[in-house]
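As a plain string of letters, each chain reads:
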Amino acid sequence: MSIEISKVTANIGARVSGVDISKPLDEEQVTAIREALNVHKALAFDDVHLDDEGQQAFARHFGDLTTAHPTVSAVDGAPNVLPVDSERGRANHWHTDVTFVLNPPQASTLRSITVPPYGGETLIASSAAAYRDLPAPLRALADTLWAEHTNDYDYAVPDEQIDEEQAAQRAQFTSIKFRTAHPFVRVHPLTGERGLFIGGFAQRIVGLSVGESRKLLDLFQSYVTRPENILRWRWSPNQLVLFDNRITQHYAIDNYDGRPRRLHRVTVAGDVPVGIEGKESHSIEGDASHYTSVAE
């Protein structure tokens, strides 16, 4: 069978069929999937029968793997696999994976392990569509901005509302503190597309106060999260979603009444982001060399 690509929405998302990703892929198949990812930003594969090794083998077709996370522990015996488990916390905030390091992952894979009977969708948004939506004056402003990304902040949850387990999770997440300055508008290294490179870890715009930064970040973020720019993925058993971490954001909806929900994440090492003037991101604090190599 030849690979078939079926769009899910106008701006983001496609289903891929005609390929068995549990087996080694040939160069032609890898090229077709990469090209589809460039166009659609997020790809869904149904009826996949993968274990952790198989998921890692699939992800390796696109580059070297990162370890599971710079600070959070991996699945036992699988240092490249992060358990995205409702019992370990819920990522119900908009973000791009690990943008607080110098070279965040280029791509992420999520595989369904335990799916709640309802809810638990993952939203994936196109930051390229968001950039295209900007009025010309806002686009011109965005082109000039840089943002500081960090893991050292709370997730808008007051200290008095978190229990000991949540406090321990937060302490682990910030056990190594990272701060990195990234261009507000990132140029995709393969397509040349421009996308808003912000999300939840972007906490301050370089040269502005925290208050001023928040107003502008909220304004630009509102273009990313327009419904037209979002894929709302309802998980079923034995699915894998591959998304381009360089030009998307995502959000795990907490709407399943605390039922068990578990995905496994494997990420592919990325390049150092580059802005429209060709200037690269730079690290302010924290060394992530134990977490990721730098993709060429």
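Above this note sits the structure.
The written sequence of each chain sets the order in which its residues are numbered from 1. pLDDT decides what is reported in this predicted model: residues at 70 or higher carry local features, side-chain atom pairs at 80 or more are listed and counted, and totals for whole chains, interfaces and linings draw on all residues regardless. The basis for the side-chain values is all heavy atoms of the structure; hydrogens and waters are excluded.

A. Just the nonpolar core, in detail. To form a nonpolar core, buried Ala, Val, Leu, Ile, Met, Phe, Trp, Tyr and Cys residues must be joined to one another through side-chain atoms within 4.5 Å. Between buried and exposed lies partly exposed: a residue is buried under 20% and exposed over 50% of the maximum accessible area for its type, with that area taken using a 1.4 Å probe on protein chains only. Grouped together as the largest cluster of nonpolar side chains are 25 residues, with contacts concentrated most on Ile21, Ile33, Leu43, Phe45, Phe58, Leu240 and Leu242. The helix count covers DSSP runs of H or I at least four residues long, the strand count covers runs of E at least two residues long, and both are numbered beginning at the N terminus. When residues of this core are assigned to their parent elements, the largest contribution, four residues, is made by helix α1 (residues 27-40). Leave out the neighbours within four places in its chain, and Leu242 touches Ile33, Leu37, Lys41, Ala42, Leu43, Phe45, Phe58, Phe62, Ala107, Ser108 and Thr109. Judged by nonpolar contacts, the second largest core, of 22 residues, contains Ala142, Phe184, Ala202 and Tyr223. Contacts were defined at the residue level, with two residues in contact if any of their heavy atoms lie within 4.5 Å.

B. Representation of the side chain of Arg261 within the structure. Along the chain, Arg261 falls in the loop between β14 (248-252) and β15 (262-268). The charged-residue count follows a simple rule in which Lys and Arg add positive charge and Asp and Glu add negative charge, with His and chain termini not counted at all. Just to be clear on terms, a salt bridge is a Lys or Arg side-chain nitrogen sitting within 4 Å of an Asp or Glu carboxyl oxygen. Buried charge without a partner: Arg261 forms no salt bridge, and the closest opposite charge is Glu121, 7.5 Å away. At 2.9 Å, the side chain of Arg261 and the backbone oxygen of Gly120 are in polar contact. Distance and chemistry together define a polar contact, namely a pair of N or O atoms within 3.5 Å, with one atom able to donate a hydrogen and the other to accept it when in protein, and with adjacent residues in sequence counting only for side-chain atoms on both sides.

C. The sheet that holds strand β4 (residues 82-85), seen in detail. The criterion for strand pairing is that DSSP finds at least two bridges linking the strands in question. The strand order across the open sheet built from seven strands is β1-β2-β3-β13-β5-β15-β4, with neighbouring strands paired in mixed fashion. In the strand order of this sheet, the two ends are held by β1 (4-7) and β4, each with one partner. The mean angle between the axes of side-by-side strands here comes to 25°, regardless of whether they run parallel or antiparallel. Strand direction decides the pairing type here: strand β3 (residues 42-45) and strand β13 (residues 240-244), joined by four bridges, are antiparallel. Looking at the pairing, Ala42 lines up with Phe243 of β13. To get an axis, fit a line to the C-alpha atoms, keeping to the stretch in contact for a helix; angles then go from 0 to 180 degrees between the N-to-C directions. Against the sheet, α1 touches β1, β2 (14-17), β3 and β13, its axis set at about 125° to β3. Relative to β15, helix α2 (residues 52-60) is tilted by about 30°, and along the sheet it contacts β3, β5 (107-114), β13 and β15.

D. Representation of α1 within the structure. Taking 1.5 Å per residue, 14 residues should reach 20 Å; α1 reaches 20 Å between its end C-alpha atoms and fits that length. Packed against the buried residues of α1 are β1, β2, β3, α2 and β13. One side-chain oxygen of the residue at the start of α1 lies 3.2 Å from the amide nitrogen of Glu28, identifying that residue as Asp26. Of the residues flanking the end of α1, it is Lys41, one or two places downstream, whose phi is positive at about 75°. Here, expected helix span is obtained from the residue count minus one, scaled by 1.5 Å.

E. Region of interest: the side chain of Glu121. As for its placement among the helices and strands, Glu121 is situated in the loop between β5 and β6 (122-126). Residue class for Glu121 comes out buried when judged on its relative accessible area of 10%. In this structure the side chain of Glu121 is engaged in a polar contact, spanning 2.9 Å, whose partner is the side chain of Asn255.

F. Examining the environment of Arg261 more closely. Arg261 gets classed as buried once you look at its relative accessible area, which sits at 6%. Residues Arg261 and Arg246, spaced 15 residues apart in sequence, show a C-alpha to C-alpha distance of 26 Å. Discounting chain neighbours no more than four positions away, the residues touching Arg261 are Val84, Asp85, Ser86, Thr114, Pro116, Gly120, Glu121, Thr122, Trp235, Ala252 and Tyr256. Here Thr122 takes part through its side chain, which lies 3.1 Å from a polar atom of the side chain of Arg261.

G. Focus on the environment of Ser236. Here Ser236 lies in the loop between β12 (230-233) and β13. Put simply, Ser236 and Pro116 are 120 residues apart on the chain and 9.0 Å apart in space, counted from C-alpha to C-alpha. When neighbours within four sequence positions are excluded, Ser236 is seen to be in contact with Ser112 and Val115.

H. Geometry of the sheet that holds strand β11 (residues 202-205). The strand order across the open sheet built from four strands is β11-β7-β8-β16, with neighbouring strands paired in antiparallel fashion. In the strand order of this sheet, the two ends are held by β11 and β16 (282-285), each with one partner. Shown here is a sheet whose adjacent strand axes are inclined to one another by a mean of 30°, direction ignored. Of the strand pairs in this sheet, strand β7 (residues 146-150) and strand β8 (residues 179-183) are connected by five bridges, and their pairing is antiparallel.

I. Expanded view of the packing of aromatic side chains. In this scheme Phe, Tyr and Trp rings, the latter by its six-membered ring, pair at centre separations within 6.5 Å, and the angle between planes marks the pair as stacked below 30 degrees, edge-to-face above 60, and tilted otherwise. Tallied over the entire structure, the rule returns six aromatic pairs. Aromatic pair Phe45 and Phe58: ring centres 5.5 Å apart, planes at 75°, arrangement edge-to-face. In this pair, Phe45 is assigned in strand β3 and Phe58 in helix α2, connecting sequence segments 13 residues apart. Each residue in the set Phe45, Phe58 and Phe62 is aromatic and connected to the rest through ring pairs, giving one cluster. The ring of Tyr131 has Arg139 sitting right over it, with the charged end atom 5.8 Å from the ring centre. Definition used: whenever NZ (Lys) or CZ (Arg) falls within 6 Å of the ring centre and also within 35 degrees of the ring normal, the charge is taken to sit over that ring.

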